[in-house]
Amino acid sequence: LAQIKKYFNLRVFHITTYRVWAFGVATAVFGYFVPYVHLISHVNEEFKETQKEWILLVCIGATSGVGRLLFGKIGDLIPGVKKIYMQVASFMVLGLMSMMIPQCRVFEGLIVVCLFLGLCDGCFITLMAPIAFELVGPMQASQAIGYLLGLMALPMTAGPPIAGLLHDYFGNYHVAFYLAGVPPMVGGMVLFFVPYIHQRLQRARPTEDPSNDKMLPPPSSA
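Conventions we followed
- The residue numbering used here restarts from 1 in each chain and proceeds along that chain's sequence as written.
- With the structure being a predicted model, the display of local features is reserved for residues of pLDDT at least 70 and the display and counting of side-chain atom pairs for 80 or more, all residues being used for whole-chain, interface and lining totals.
- Side-chain descriptors were evaluated using all non-hydrogen atoms of the structure, hydrogens and water having been removed beforehand.
- We call a pair of cysteine sulfur atoms a disulfide whenever their separation is within 2.5 Å.
- Angles run from 0 to 180 degrees between N-to-C directions of axes, and those axes are lines fitted to C-alpha atoms, restricted for helices to the stretch in contact.
- Each helix corresponds to a stretch of at least 4 residues labelled H or I by DSSP, and each strand to a stretch of at least 2 residues labelled E; elements are numbered beginning at the N terminus.
- Geometric relationships in this document are graded by angle, where less than 35 degrees denotes roughly parallel, more than 145 denotes roughly antiparallel, 65 to 115 denotes roughly perpendicular, and other angles denote oblique.
- Note on contacts: a residue pair is in contact if any heavy atoms of the two residues lie within 4.5 Å.
- Under this grouping Gly is polar, as are all residues other than the nonpolar Ala, Val, Leu, Ile, Met, Phe, Trp, Tyr, Cys and Pro and the charged Asp, Glu, Lys and Arg.
- Between 30 and 60 degrees the pair is tilted, below 30 it is stacked and above 60 it is edge-to-face, where a pair is any two Phe, Tyr or Trp rings, Trp via its six-membered ring, whose centres lie within 6.5 Å.
- Using a 1.4 Å probe on the protein chains alone, a residue whose accessible area is under 20% of its type maximum counts as buried, one over 50% counts as exposed, and one in between counts as partly exposed.
- Buried residues of nine kinds, namely Ala, Val, Leu, Ile, Met, Phe, Trp, Tyr and Cys, make up a nonpolar core once their side-chain atoms join them within 4.5 Å.
- Salt-bridge detection follows one rule: a side-chain nitrogen of Lys or Arg within 4 Å of a carboxyl oxygen of Asp or Glu.
- Candidates for patches are residues over 30% relative accessible area with no salt bridge; among them, like charges are joined within 9 Å and nonpolar side chains (Val, Leu, Ile, Met, Phe, Trp, Tyr) within 5 Å.
- Here the Shrake-Rupley method, with its probe set to 1.4 Å, supplies the accessible areas, and only the displayed protein chains count as covering residues.

Caption draft 1: View of the state of the cysteines. The tally for this structure, following the rule as stated, stands at 0 disulfides. C114 provides the cysteine sulfur closest to C59, a residue in no disulfide bond, and the two sulfurs are 6.4 Å apart. There is no disulfide at C120, and the cysteine sulfur nearest it, in C123, is 7.2 Å away.

Caption draft 2: How the structure looks around the packing of helix α2 (residues 16-28) against helix α10 (residues 194-204). Where α2 meets α10, the closest approach of the two axes is 9 Å, and the angle between their N-to-C directions is 170°. It follows from the interaxial angle that α2 and α10 lie roughly antiparallel. For the pair α2 and α10, contact is made by T16, T17, V20 and W21 and by V194, I197, H198 and L201, respectively. Among the residues making up the contact of α2 with α10, the classes are represented as 5 nonpolar, 3 polar and no charged.

Caption draft 3: Spotlight on the packing of aromatic side chains. For the structure shown, the criterion picks out 13 aromatic pairs. Aromatic pair F13 and Y18: ring centres 5.6 Å apart, planes at 65°, arrangement edge-to-face. The two residues F13 and Y18 agree in class, both being buried. When the centroid spacing of 5.6 Å and the interplanar angle of 55° are considered together, the rings of Y85 and F192 count as tilted. Taken together, the residues span a long stretch of sequence, with Y85 in helix α5 (residues 84-100) and F192 in helix α9 (residues 182-192) at a distance of 107 residues. Taking the relative accessible area as the measure of exposure, F192 reaches 43% and is therefore partly exposed.

Caption draft 4: Region of interest: the nonpolar core. Y18, W21 and V25 are the most contacted members of the largest nonpolar core, which totals 55 residues. The leading source of residues in this core is helix α6 (residues 107-136), at 15 residues.

Caption draft 5: Region of the structure containing the pattern of salt bridges. Inspection of every chain in the model, using the stated rule, returns 2 salt bridges. For the salt bridge of D121 with R68, the shortest nitrogen-to-oxygen distance reads 3.4 Å. Of this pair, D121 sits in helix α6 while R68 sits in helix α4 (residues 54-77), and the two are 53 residues apart along the sequence. Relative accessible area serves as the criterion here: at 7%, D121 is assigned to the buried category. Across the pair K83 and E134 runs a salt bridge whose closest N-O atoms are separated by 3.7 Å. Highlighted residues: K83 in the loop between α4 and α5 and E134 in helix α6, separated in sequence by 51 residues.

Caption draft 6: Main features of a nonpolar patch on the surface. A cluster of nonpolar side chains, contributed by L179, V182, V186, M189 and V190, occupies part of the molecular surface with about 380 Å² of accessible area. If one sorts the elements of the nonpolar patch by residue count, α9 sits on top with 4 residues. You can see V186 is positioned in helix α9. Take V186: its relative accessible area is 35%, and that puts it in the partly exposed class.

Take a look at the structure:
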């Protein structure tokens, strides 16, 4: 029993800012996989003459890699929990791009949308660990990330099957992509208030807040 308590420690959920952030992220990723799973089928229906639909997934993957490198470096320059504002922006743009997919009438437009989807994916993924570190401190960061991934699993998995059911009902993916853009925007709005809540709690209990532990500064070049 002691070992179970050790590995399933729920203390991170006693931290208000972590709870808000974790459930905000879980909400935001409800439609996260819908473009990844159904984009090719949508292209085959809407652009029957196109034989290069695979380019879209390559664009998402390539810009996701670039985004992880770029936004990781930018995140190092932003102090404390203000990094969350980058996640807010990425979720807002991610939701907007998902809604833009049915609006694209030319294949090149979908390429542009996928480039932005990849950048948003890279930004969101690369900032998860630094934000968890800032919210719960270094000793609980690994568990905080683990619980976050667990909370994300169900909505991320449920999104594509629901989108498939909407396609069967309406005969196309338009409604599915429109609705898939709503959860990231809702989650982004929830995350927007996390830094404000964090600052208020810090002022109220400055000695008890585990997020007082800051990330180590980069080593000097000297």
